[in-house]
Amino acid sequence: METLKLKVNLDVKRSMTLASGVKIDVVGMTGRQASVIANNKRLSDFDRGVHYTAAKIRVNDQPVVADDLLDCFTDDDLTTIMKFANNIEEESHPNE
């Protein structure tokens, strides 16, 4: 940001390693990135979540896009990554 001379903190916030050995880092994202994804009316809610997650993570220290998440991970791995990246806790079902 030129006027304010501020730098956005995009450092690693937390990390995890999948059973396959793939390292997932959650990093910061800019407000503009979040806004562009949120305002993209062509995306379904699920696709919006995938795009948002892809913008927030690095896989083995490399940036990824939504297609990378959809094409390179199993559905179980994708669910794990999305829950981890977006701080989604497992729901407990007391009657089960």
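Heads up: the structure comes first, above all this text.
Structural notes, computed from the coordinates. Owing to the predicted nature of the structure, the values given are computational and were not obtained by experimental measurement.

**Remarks on the pattern of salt bridges**
Thinking step 1. This model, assessed by the stated rule, comprises three salt bridges.
Thinking step 2. Put simply, Lys23 and Asp25 hold a salt bridge, and the shortest N to O gap is 3.6 Å.
Thinking step 3. Residue Asp25 is classed as buried on the basis of its relative accessible area of 3%.
Thinking step 4. In this structure, a network of salt bridges that share partners links the residues Lys23, Asp25 and Asp61.

**Points about the pairing of strand β2 (residues 23–27)**
Two faces belong to every sheet, and in a regular strand the side chains alternate between them.
Thinking step 1. Most of β2 is tucked away: four of the five residues are buried.
Thinking step 2. Note: strand β1 (residues 12–17) against β2, five bridges, orientation antiparallel. Counted as the bridge partner of Met16 is Ile24 from β2.
Thinking step 3. Connecting β1 to the antiparallel partner β2 that follows it, the hairpin turn spans five residues, and Gly21 within it adopts a positive phi of roughly 95°.

**Considering the environment of Val26**
Thinking step 1. Secondary-structure assignment places Val26 in strand β2.
Thinking step 2. C-alpha separation for the pair Val26 and Met82, spaced 56 residues apart in sequence, amounts to 10 Å.
Thinking step 3. Leave out the neighbours within four places in its chain, and Val26 touches Asp11, Val12, Lys13, Arg14, Lys56, Ile57, Phe84 and Ala85.

**Some words on the sheet that holds strand β3 (residues 57–59)**
Thinking step 1. Reading across from one edge, β1-β2-β3-β4 is the order of the four strands in this open sheet, with antiparallel pairing throughout. In this open sheet, the two strands that pair with only one neighbour each are β1 and β4 (62–63).
Thinking step 2. With respect to the sheet, helix α2 (residues 45–56) is in contact with β2 and β3, its orientation differing from that of β3 by roughly 70°.
Thinking step 3. Strand contacts of helix α4 (residues 75–85): β1, β2 and β3, with the helix running at about 155° to β1, the strand carrying the most contacts.

**Focus: the packing of helix α1 (residues 31–38) against α2**
Thinking step 1. Remark: α1 packs on α2, axes separated minimally by 9 Å, with the N-to-C direction vectors making an angle of 165°. Here α2 runs roughly antiparallel to α1, going by the angle between their axes. The crossing of α1 and α2 is right-handed. Touching Gln33, Ala34, Ile37 and Ala38 of α1 are Arg48, His51, Tyr52 and Ala55, all from α2.

Reading the values: rules and limits
Residues numbered from 1 in each chain as written. Predicted model: local features only at pLDDT ≥ 70, side-chain atom pairs only at ≥ 80, totals over all residues. Heavy atoms only, no water. Salt bridge = Lys/Arg side-chain N within 4 Å of Asp/Glu carboxyl O. Buried < 20%, exposed > 50% of the residue type's maximum accessible area, 1.4 Å probe, protein only. Helix = DSSP H or I, 4+ residues; strand = E, 2+ residues; numbered from the N terminus. Pairing = 2+ DSSP bridges. Contact = heavy atoms within 4.5 Å. Axes fitted to C-alpha atoms, helices over the stretch in contact; angles between N-to-C directions. Parallel < 35°, antiparallel > 145°, perpendicular 65-115°, else oblique. Left-handed = near helix turned anticlockwise from the far one by under 90°.

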